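Chains, contacts and geometry: an overview
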Amino acid sequence: MRKSLRFSIFLTAILFSLAAFSQNITITGKVTQETGEGVPSVSVMVKGTNVGTFTDANGVFRINVSRVPVTLVFTSIGYENQEVTVESASTELAVKLLPASSIGQEVVVSASRTPERFLQAPVTVERMSNITLRNVPAPNYYEAIGNLKGVDMHTSSLTFRTVTTRGFISSGNTRMNQLIDGMDNQAPGLNFAVGSVIGLTELDVDNVELLSGASSALYGSGGVNGTLLLNSKNPFRSEGLSVQIKQGVMHLHDKQRGASPFYDWGVRWGKVINDKFAFKIASQFTKANDWEAYDYRNVRRTSVASKMVGGDRVTDPNYDGINVYGDETTANMQSIAQGGVITALNSIIPALPPVPGLPSVPVVNWSQALQAINHPVLGPTIRGILGTIPVVKDFFDGLNGGIFAGHQNVSRTGYEERHLVDYNTINYKITGGLHYKITPRIEASWNSYVGTGTTVYTGADRYSLKGLKMAQHKLEVKSDKWFVRGYTTQENSGDSYQATALGRLLNEAAKPSQTWYPQYMLAYYQARKAGASDHAAHQAARAFADQGRYQPGTQQFENAKNTIKDRAIPSGAKFDDRSDLWAAEGQVGLSDLLGFSDKVNVVAGTQFKQYVLNSNGTIFADTAGKLKPAEYGIYMQLKKDFFNNVLSLTAAGRYDKHTNFDGRFTPRVTAVVKMAPENYLRASFQTAYRFPTNQDQYINLNTVSTFLIGMIPEFQTYYRANSTNPTYTAASAGAYRAGTLADSNRLVPATFAEAKPESVSSYEIGYKATIKKLFFDAYVYYSEFQDFLERVAVVQSAQVGTGTGPGGTASQSHIYNPGTSRNLSYLQNSDENLNTFGWGLTAQYQLSKGYTLYGNVFSDKLVRGGNIFSGNMVGSEGRSTMSTSTFFNTPDYRYNIGLKNENVWKNVGMNFVWKWQSENFYEGTFVTGTLPAFGTLDGQVTYKVPESKSLLRIGATNIINTYHRTAFGNPSVGGLYYVSYGYNIF
């Protein structure tokens, strides 16, 4: 941070020292709308030049020109453009703007990286202006994105949300780019976009643009399922002091807690010092008690493969609750008893005289143990010695009597999530920028975005992100024809920790499993021998073994919890991540530069990223030093209009290279045909790819139930998977455990292949039109994935190299017992065909008296191995048997339908929207199963005070308070009811 501060001061000094540029005639005026209210942020340009300015918060402007008369052009989204000829600068100019006569006229940049009308965009794009965001029924701009066509919102917590389009819903979606003012918002180490936690403040958002589907040809790796662009306000255009105070209440009728407050306060100040220099500063503070995850249903796991089963802690000795942590530690009773006898044998046999046929030490499996126990010469002696050791005698008698026979696993007693994670959500953001106009058309700027927060994140585990800090700093110089920028992202995981590791280590601190399991087994055996039922014996055994367990709410529990969560992985639960990203990017309009823009429009650009991964071994395999992968890319786009602008063709291509992977070329071709005035047919062929994320490549994380390891070949060597400790498919390990110890022939060896970047080819046809008061946009698409990256679940021995296997090699018998095996998971390219297809429709109709009816409906489906998988359980249950996971967790159908009016009566407005999604088959690391359908009603009533540009809002999300989940492991989300007052909201 200190280096960034010194760099910032140095660059600021440079900006201040740049030469001034001035004109000598000043024209002043005010721009108003029909009501007489001033219109802020209106662009005022001298026609035929690059000289221009913007109106302030009251609609007032000042512009310097070299002569009069001149023609000024006034433009603003939502209003008709207007030209005014100024003959003299002696009087103040009064300009009245009229509302735009048609909808769908906004300008978007994301679709082609150049400005174009929304109606004429060649691909599916959604846009929300700051005016839209001001009136949308949502507590913040990020949640409002969920109202857009094709968008699914994954909610890990109140302030951690993940945007997804066209399937593959997961927390921290890595198949989608998220850019804030052109900067990649993905945390370089934790690998999730943090825009909902750390990024733009509410009052500083100018607009949001969303590209659905493949978009790598212009935006690079990660744009497989879309690109989200969040853009802030420029202080030259948006100045003045703005304040917003939002108060609310949540957790009404919550099962876990009573009603609690919600606070969200924000302030922004933008100031134009003169024609050359402007600055802005903004901050936002959010505080609440977060939504709580309390899904205590039972789950069975084999690595990342999982499914819900019946039972609870009372009825199932191997209970593993979805939001209960520490109970992932499990062991097989028969294997524990056998292991106890084998350990005793290994201490007895060396003291006996060598006899032919007696197994040599070490005895490694039960078959060899039985050979020793039943040996015709020394068998009676061995059994006699075993009988003098109480624990071993009970184990042996239990095995002989069938008490420990079968496949019963026993799990440790876990802790509910609410006792482990920090639900005290706090989020603080501060952003600031210095902007300097080198010339009227060239602007230099330095912007910083700093945030810290405490929230809860769902990934392969539930993570308490406590005191997470992230900063982004950007230096940019741009004109309307080119830009060059450099930026850095600096990440600090703070006191973040892993919930499962915390629960497991709390158990181990109170009583190690090496002690707990023998105590459990002995108590169970004694209870059964006394005539107790199996159920009663398990209850008695758990009560006995759990003596001394740390109880939530006690000082002993809190002290132990604090000690463990403050200690770094693997001996504790804390992450220690200090990863950085350094990036540079440039783009230029070559046709403008070379003077042939009237023939063809050419845009070219380049990008470079250098990662510095530094987790001190808590996330990555970086104990030997920092990891520094890099990637670079170049792209070019050509656009040409034909037949008097009836047909527009665009061709683009991008080449990217990564340190660990071969280069990728991604082309894109689009066509837009004007079918009638304001009616456009579009067609596109797009390709996209994604290099595996830094975690995909380098992770080395024990989540207790699974070791998440990197996909590069070095990890196979490190875990001896390609030598003395082979891996087996998770499905075959489950089949083995369903049989007997002798059924090792059921095991299927896992094969490892060096992974390649994932890519997709997508075909889309769409139609967008404005017909009088109706606007609609429809699309259909089909995508073909190549080298699809999916998570592989494998099992191997946990005891290789410990002396328990001949020559330090792994024994297949270790796989039989979860206590002597370990689960590994990594990404690998699928050799199956995997495709997706879907469609969407959005419409908006202007009713009378200012009312607008709007809505959208969309659907996405997965095709795998020639089979179409629906979002319901009936259509998707075949996926649950696969040993790999696609995470295509998408409902069959979703729709949003709303009614709004910004001025129902005397500056009172309203906006209500009903959102619904069908049930969906969810494939997650927590559990695989079906989530029920749900619908929510969001609404907001506004009162505008024109004199002060104040806005009073009363609203709620999920008004009917329907508690629902968007994923297994996530919290149940209820209603949030709020009232806010905003001053100078523009």
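Residues numbered from 1 in each chain as written. Predicted model: local features only at pLDDT ≥ 70, side-chain atom pairs only at ≥ 80, totals over all residues. Heavy atoms only, no water.

**Some points on the overall build of the protein chain**
What counts is decided by this rule: Labels follow the DSSP assignment, with helices taken as runs of H or I lasting at least four residues and strands as runs of E lasting at least two, numbered in each case from the N terminus. Note that the radius of gyration is over C-alpha atoms, with the globule rule given as 2.2 Å times the number of residues to the power 0.38. Burial here depends on accessible area, computed with a 1.4 Å probe over protein chains only, as a share of the maximum for the residue type. Under 20% is buried, over 50% is exposed, and the range in between is partly exposed. Contacts were defined at the residue level, with two residues in contact if any of their heavy atoms lie within 4.5 Å. Surface accessibility follows the Shrake-Rupley procedure with a 1.4 Å probe radius. Residue values consider only the protein chains on display as shielding. When charges are tallied, Lys and Arg are placed among the positive residues and Asp and Glu among the negative ones, while His and the ends of the chain are skipped. All charge positions are set by atom: Lys at NZ, Arg at CZ, Asp at CG, Glu at CD.
What the protein chain contains, in helices and strands, is 18 helices and 54 strands. Since a compact globule built from 986 residues should have a radius of gyration of about 30 Å, the 32 Å found for the protein chain is in line with a globular shape. The principal-axis extents of the C-alpha atoms in the protein chain amount to approximately 120 × 55 × 55 Å. Residues classed as buried in the protein chain amount to 59% of the 986 residues present. Counted over contacts in the protein chain with a minimum sequence separation of 6, partners at least 24 positions apart contribute 66%. Working note: accessible area of the protein chain is about 37400 Å², and carbon and sulfur atoms make up 57% of it. The protein chain carries 90 positive and 78 negative side-chain charges, and their two centres are separated by 2 Å.

**Some remarks on the sheet that holds strand E7 (residues 93-96)**
Operational definition: Between any two strands, at least two bridges found by DSSP are needed for them to pair. Working convention: axes come from line fits to C-alpha atoms, limited for helices to the stretch in contact. Angles between N-to-C directions cover 0 to 180 degrees.
A sheet is described by the order of its strands in space; here three strands give the open sequence E4-E1-E7, paired in mixed fashion. Taken across any chain shown, the strands that pair with only one partner, and hence form the sheet edges, are strand E4 (60-65) and E7. Adjacent strand axes in the sheet meet at a mean angle of 30° when their direction is disregarded. Here four bridges tie strand E1 (residues 25-32) to E7, and the two strands are oriented parallel to one another. Residue pairing across strands places Gly29 opposite Leu93, the latter belonging to E7.

**Remarks on a nonpolar patch on the surface**
Worth spelling out the cut-off: Only residues whose relative accessible area exceeds 30% and that form no salt bridge are eligible for patches; like-charged ones are grouped when within 9 Å, while nonpolar side chains (Val, Leu, Ile, Met, Phe, Trp, Tyr) are grouped when within 5 Å. Salt bridge, as used here, is a side-chain nitrogen of Lys or Arg placed within 4 Å of a carboxyl oxygen of Asp or Glu.
Together, Leu241, Val267, Trp269, Ile281, Tyr428, Ile430, Tyr943, Leu952, Ile954, Val979, Tyr981 and Tyr983 make up a nonpolar patch on the protein surface, roughly 1000 Å² of accessible area in all. Mapped onto the nonpolar patch, the elements with two or more residues apiece are strand E18 (260-272), strand E26 (424-439), strand E53 (950-957) and strand E54 (976-983). With respect to the helices, strands and loops of the structure, Ile954 is situated in strand E53. The class of Ile954 is exposed, set by a relative accessible area of 52%.

**Some points on the sheet that holds strand E10 (residues 125-129)**
Strand order in the open sheet made by the five strands is E10-E15-E16-E13-E14, with mixed pairing throughout. Of all strands in the sheet, those with a lone pairing partner are E10 and strand E14 (183-184), marking the two edges. Bridge count for strand E15 (residues 205-212) against strand E16 (residues 226-232) is seven bridges, and the pairing is antiparallel. Across the sheet, the residue bridging to Ser212 is Gly226, located in E16.

**Notes on helix H6 (residues 366-373)**
Quick note on the threshold: Working note: the arc is built from the helix axis to C-beta atom directions.
Looking only at H6, the buried set comprises Trp366, Ala369, Ala372 and Ile373. End-on, the buried residues of H6 take up no more than an arc of 115°, which puts them together on one face. Buried positions along H6 lie against helix H5 (333-348), helix H7 (379-387) and helix H8 (390-400).

**Remarks on the pattern of salt bridges**
Think of it this way: side chains of opposite charge can pair up when their charged atoms draw near. Under the criterion given, the structure shown has 45 salt bridges. Between Glu416 and Arg418 there is a salt bridge, and its shortest N-O distance comes to 2.6 Å. Relative accessible area serves as the criterion here: at 25%, Glu416 is assigned to the partly exposed category. On the basis of relative accessible area, Arg418 is assigned to the partly exposed category, the value being 40%. Connected through shared salt-bridge partners, Glu126, Lys149, Arg166, Arg682, Glu764 and Asp777 make up one network.

**Focus on the environment of Leu834**
Along the chain, Leu834 turns up in strand E44 (residues 834-846). Judged by relative accessible area, Leu834 falls into the buried class, the value being 1%. Linking Leu834 and Val863, residues 29 residues apart in sequence, is a C-alpha distance of 5.7 Å. When neighbours within four sequence positions are excluded, Leu834 is seen to be in contact with Phe168, Glu784, Phe785, Phe788, Leu862, Val863, Arg864 and Thr886.

**Notes on the packing of H5 against H7**
Just so we agree on the cut-off: Each helix crossing is assigned a hand: it is left-handed if the near helix lies turned anticlockwise from the far helix by less than a right angle, otherwise right-handed if that turn is clockwise. Following the grouping adopted for this structure description, the nonpolar residues are Ala, Val, Leu, Ile, Met, Phe, Trp, Tyr, Cys and Pro, the charged ones are Asp, Glu, Lys and Arg, and the polar ones are all others, Gly among them.
For the pair H5 and H7, the least separation of the axes is 11 Å and the interaxial angle reads 115°. Crossing handedness for the pair H5 and H7: right-handed. Facing Val341, Ala344, Leu345 and Ile348 of H5, the residues of H7 in contact are Ile382, Ile385 and Leu386. Grouping the amino acids of the contact of H5 with H7 by side-chain chemistry returns seven nonpolar, no polar and no charged.

**What about unusual backbone geometry?**
With an omega of 5°, the peptide bond between Val68 and Pro69 qualifies as cis. Examined against the element boundaries, Pro69 turns out to sit in the loop between E4 and strand E5 (70-75). The amide bond that connects Ile569 to the next residue, Pro570, takes the cis arrangement and shows omega of 10°. Relative to the elements of secondary structure, Pro570 occurs in the loop between helix H12 (555-565) and strand E31 (580-589). The phi angle at Arg720 is positive, at roughly 60°, despite the residue not being glycine. Looking at the element boundaries, Arg720 is found in the loop between helix H15 (714-718) and strand E39 (728-729). Backbone geometry at Lys772 places phi at a positive 55°, although glycine is not the residue there.

**Some points on the pairing of strand E48 (residues 894-905)**
Alignment of strand E45 (residues 852-864) against E48, held across seven bridges, turns out to be antiparallel. Within E48, the residue paired with Val857 across the bridge is Tyr895. Summarising the sheet, E48 and strand E49 (residues 908-917) pair through nine bridges and their orientation is antiparallel. Paired with Lys900 across the two strands is Asn911, which belongs to E49. Here E48 folds back onto E49, and the loop between the two strands holds two residues, one of which, Lys906, carries a positive phi near 50°.

**Quick notes on the side chain of Lys609**
As a reminder of what qualifies: Polar contacts, as counted here, are pairs of nitrogen or oxygen atoms within 3.5 Å of one another; within protein the pair requires one atom able to donate a hydrogen and one able to accept it, and residues that are adjacent in sequence qualify only if both atoms are side-chain atoms.
For Lys609, the location among the structural elements is in strand E32 (residues 601-612). Assessed through its relative accessible area of 8%, Lys609 is described here as buried. Reaching out from Lys609, the side chain makes a polar contact with the side chain of Asp184 at a distance of 2.8 Å. For Lys609, the contacting residues outside a window of four places in its chain are Asp184, Tyr487, Leu581, Trp582, Ala583, Pro629, Ala630 and Glu631.

**What to know about the packing of helix H9 (residues 499-510) against H12**
When two helices pack together, their arrangement is given by the angle between the helix axes and the distance between those axes. As a reminder of what qualifies: Orientation labels follow simple angle bins: below 35 degrees gives roughly parallel, above 145 gives roughly antiparallel, 65 to 115 gives roughly perpendicular, and whatever is left gives oblique.
It is the contact of H9 with H12, at a shortest axis distance of 10 Å, that shows an interaxial angle of 120°. Comparing the axis directions of H9 and H12 gives the class oblique. At the point where H9 passes H12, the crossing takes the right-handed sense. Residue-level contacts link Leu502, Leu505, Leu506 and Ala509 of H9 to Phe557, Ala560, Lys561, Ile564 and Lys565 of H12. Residues of the contact of H9 with H12, tallied by class, amount to seven nonpolar, no polar and two charged.

**A word on the nonpolar core**
Cut-off, in case you're wondering: Among buried residues, those of type Ala, Val, Leu, Ile, Met, Phe, Trp, Tyr and Cys that are joined through side-chain atoms within 4.5 Å constitute a nonpolar core.
The biggest cluster of nonpolar side chains holds 56 residues, and the ones touching the most others in it are Ile145, Val163, Val208, Leu228 and Leu230. With four residues, the top contributor of residues to this core is strand E28 (residues 462-478). Aside from chain neighbours lying at most four places away, what touches Leu228 is Tyr142, Ile145, Val163, Met176, Asn177, Gln178, Leu179, Val208, Glu209 and Leu210.

**Comments concerning the packing of aromatic side chains**
The criterion, for reference: Paired rings are identified among Phe, Tyr and Trp, the last through its six-membered ring, by centres lying within 6.5 Å, and are further divided according to the angle between planes into stacked (under 30 degrees), edge-to-face (over 60) and tilted (the rest).
Summed over all chains, the structure comprises 33 aromatic pairs. Here Tyr767 and Phe776 contribute two aromatic rings whose centre-to-centre distance is 6.0 Å and whose plane-to-plane angle is 10°, an arrangement assigned as stacked. Judged by relative accessible area, which is 25%, Tyr767 ranks as partly exposed. Clustering of aromatic rings is evident, with ring pairs tying together Phe160, Phe192, Tyr457, Tyr463 and Phe575.

**Description of the confidence of the model for the protein chain**
Low pLDDT marks regions whose predicted coordinates should not be analysed in detail. The test is simple: Per residue, pLDDT measures the predictor's confidence, with a range of 0 to 100.
When pLDDT is averaged along the protein chain, the result is 89, and 94% of the positions lie at 70 or above. Across the protein chain, element-level confidence peaks in strand E25 (residues 415-416) with a mean pLDDT of 98 and bottoms out in helix H18 (residues 873-876) with 43. pLDDT under 50 marks residues 1-23. Its contacts with residues more than four places away, or in other chains, come to 30 contacts. Counted against residues more than four places away or in other chains, residues 873-878, with its pLDDT under 50, gives 11 contacts.

**Here's the deal with helix H11 (residues 534-545)**
Going by this rule: A helix is expected to span 1.5 Å multiplied by its residue count minus one.
End to end, H11 covers 16 Å across 12 residues, agreeing with the expected 16 Å (1.5 Å per residue, within 8%). If you check which residues of H11 are buried, you get Ala537, His538, Ala541, Arg542 and Ala545. Relative to the axis of H11, the buried residues are bounded by an arc of 130° and lie together on one face. Check the buried side of H11 and you find it contacts H5, strand E24 (409-411) and helix H10 (513-529).

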